[in-house]
Amino acid sequence: MAVAVEEIVRRAGGCAVIDGGFATQLEALGADINDPLWSAACLITKPHLIKEVHMQYLVAGADVIISSSYQATIPGFLARGMLLEEAEGLLRRSIELALEARDEFWKSTLRKSKPVYNRALVAASIGSYGAYLADGSEYSGSYGEDITAEKLKDFHRRRLQVLASAGPDLIAFEAIPNKMEAQALVELLEEENIQVPSWICFSSVDGKNLCSGESFAECLQFLNASDKVAIVGVNCTPPQFIEGIIRELKKQTKKAIAVYPNSGEVWDGRAKRWLPAQCFGHKSFDALAKRWQEAGASFVGGCCRTTPSTIRAVSKVLKGKTAYSATQI
Ligand SMILES: C[S+](C)CC[C@H](N)C(=O)O
Ligand SMILES: N[C@@H](CCS)C(=O)O
Ligand SMILES: [Zn+2]
């Protein structure tokens, strides 16, 4: 595990807190993300809100904040009529906004001279090919007959290079729904000799397998063999499945484990809305967070439909008296 990653876990007392739903909080602040670029549309229209969301999660106690680049892709920006140079500039901007928020927050915290918060890490978000397709396939892993690992590498290569060179502490591959894409990403990290430590988090809709139906075990064979992958885990998966998945991952890997589930609501990829389902509010989410830590997760946070309130509760329960409410800074 790279030094920064080990260090943040140690400083957080054994379990670092990841932020919560990024797009969710952008919407709560009034952003319209009903867009092919989803939350990444705000890199064009509302960059100040992106920084505000990062700040809110830092105040809530996040030790790791994830950039706004989940659905920021070069083909997505080109389809908007942008030049390649502009598209790459927006990718870099997503990291700069997170770094600026982290540095400003850290300076203001130091001025108060209370050892309340850790200096957070910035993780560069990379969503799946299915996220770019915006057709619901990020929760099915079905990319069609024509897709190959080489095509997936071509899709991810330039974005990975640009984001990795923009200065993040981590790369966060998020909600990867199938084995082919995970394998393509691992190969790409090697081919491009990416020096920033990565996490690869999968999504699951049944609590047993990846969204595609493939097993965690078969993916861990090649994830374990890669030094570029520091952390493995799951995100944007219902909370009730997480403890079982951690136990399964613990059997298969010695790498650090990250979990940041959604609220339990279900994304309807066609209608582009969240459907009501068993929803875990921040009260039940924080109790589960403690269990996830006990089961062996080293990074715990929230994904879609979780908010700064969720992360404040998680931070309190995981860090005990070292966590403070927003009003105390
Ligand atoms: C994590 S899902 C809710 C992201 C949005 C999806 N890729 C879409 O564009 O519809
Ligand atoms: N980091 C992204 C993940 C979406 S699944 C977000 O929180 O919006
Ligand atoms: Zn999510």
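Located above this text is the structure these notes cover.
What comes next is a walk through the structure. Given the structure is predicted, the values throughout are model-derived calculations rather than measurements.

What follows covers the nonpolar core. The biggest cluster of nonpolar side chains holds 113 residues, and the ones touching the most others in it are Trp199, Phe202, Leu223 and Phe299. Per-element accounting of this core gives the leading share, nine residues, to helix H6 (residues 84-111). Apart from residues lying up to four places away in sequence, Phe299 is in contact with Val5, Ile8, Val9, Cys15, Ala16, Ile18, Val64, Ile231, Ala256, Ile257, Ala258 and Val259. Counting residues in hydrophobic clusters, the runner-up holds six residues, among them Tyr143, Leu152, Phe155 and Ala184.

Moving on, we get to the site of ligand 1. Lining the immediate surroundings of ligand 1 are Trp38, Tyr70, Gln71, Ala131, Ala134, Glu138, Tyr139, Trp267, Lys272, Trp274 and Cys304. Lys272 is positioned with one of its side-chain polar atoms (N or O) 2.7 Å from an oxygen atom of ligand 1. With the chains in place, 98% of the 320 Å² that ligand 1 exposes on its own is no longer accessible. Considered class by class, the residues forming the shell around ligand 1 number eight nonpolar, one polar and two charged.

On to the site of ligand 2. Around ligand 2, the structure places Gly21, Phe22, Ala23, Trp38, Tyr70, Glu174, Cys236, Cys303 and Cys304. The side chain of Glu174 places a nitrogen or oxygen atom 2.9 Å from a nitrogen atom of ligand 2. The residue inventory of the shell around ligand 2, partitioned by class, reads seven nonpolar, one polar and one charged.

The sheet built from eight strands is open, its strands ordered S1-S10-S7-S6-S5-S4-S3-S2 with parallel pairing. Only two strands of the sheet have a single partner each, and these edge strands are strand S1 (16-17) and strand S2 (64-66). Here strand S6 (residues 229-235) runs beside strand S7 (residues 256-260); their pairing, made up of five bridges, is parallel. Residue pairing for S7: Gly233 is matched across the bridge by Ala258. Against the sheet, helix H8 (residues 149-164) touches strand S3 (121-126) and strand S4 (170-176), its axis set at about 165 degrees to S3.

Structurally, Ser69 is set in the loop between S2 and helix H5 (74-78). Polar side-chain contacts of Ser69 include one of 2.6 Å to the side chain of Ser67.

Time to look at the packing of helix H10 (residues 216-224) against helix H11 (residues 242-252). Two elements in contact, H10 and H11, have axes separated by 10 Å at closest approach and are oriented at 45 degrees. The angle between the axes of H10 and H11 places the two elements in the oblique class. Here H10 runs over H11; the crossing is right-handed. Counted together, Phe216, Ala217, Leu220 and Asn224 of H10 and Ile245, Leu249 and Gln252 of H11 form the full contact between these two elements. Classifying every residue of the contact of H10 with H11 by side-chain character gives five nonpolar, two polar and no charged.

The rules behind these values
- Residues numbered from 1 in each chain as written.
- Chains lettered and ligands numbered in written order.
- Predicted model: local features only at pLDDT ≥ 70, side-chain atom pairs only at ≥ 80, totals over all residues.
- Heavy atoms only, no water.
- Core = buried A, V, L, I, M, F, W, Y, C linked by side-chain atoms within 4.5 Å.
- Buried < 20%, exposed > 50% of the residue type's maximum accessible area, 1.4 Å probe, protein only.
- Helix = DSSP H or I, 4+ residues; strand = E, 2+ residues; numbered from the N terminus.
- Contact = heavy atoms within 4.5 Å.
- Near = heavy atom within 4 Å.
- Polar contact = N/O pair within 3.5 Å; in protein donor to acceptor, adjacent residues only side chain to side chain.
- Areas by Shrake-Rupley, 256 points an atom, 1.4 Å probe, with all protein chains shown as cover.
- Nonpolar A, V, L, I, M, F, W, Y, C, P; charged D, E, K, R; others polar.
- Pairing = 2+ DSSP bridges.
- Axes fitted to C-alpha atoms, helices over the stretch in contact; angles between N-to-C directions.
- Parallel < 35°, antiparallel > 145°, perpendicular 65-115°, else oblique.
- Left-handed = near helix turned anticlockwise from the far one by under 90°.

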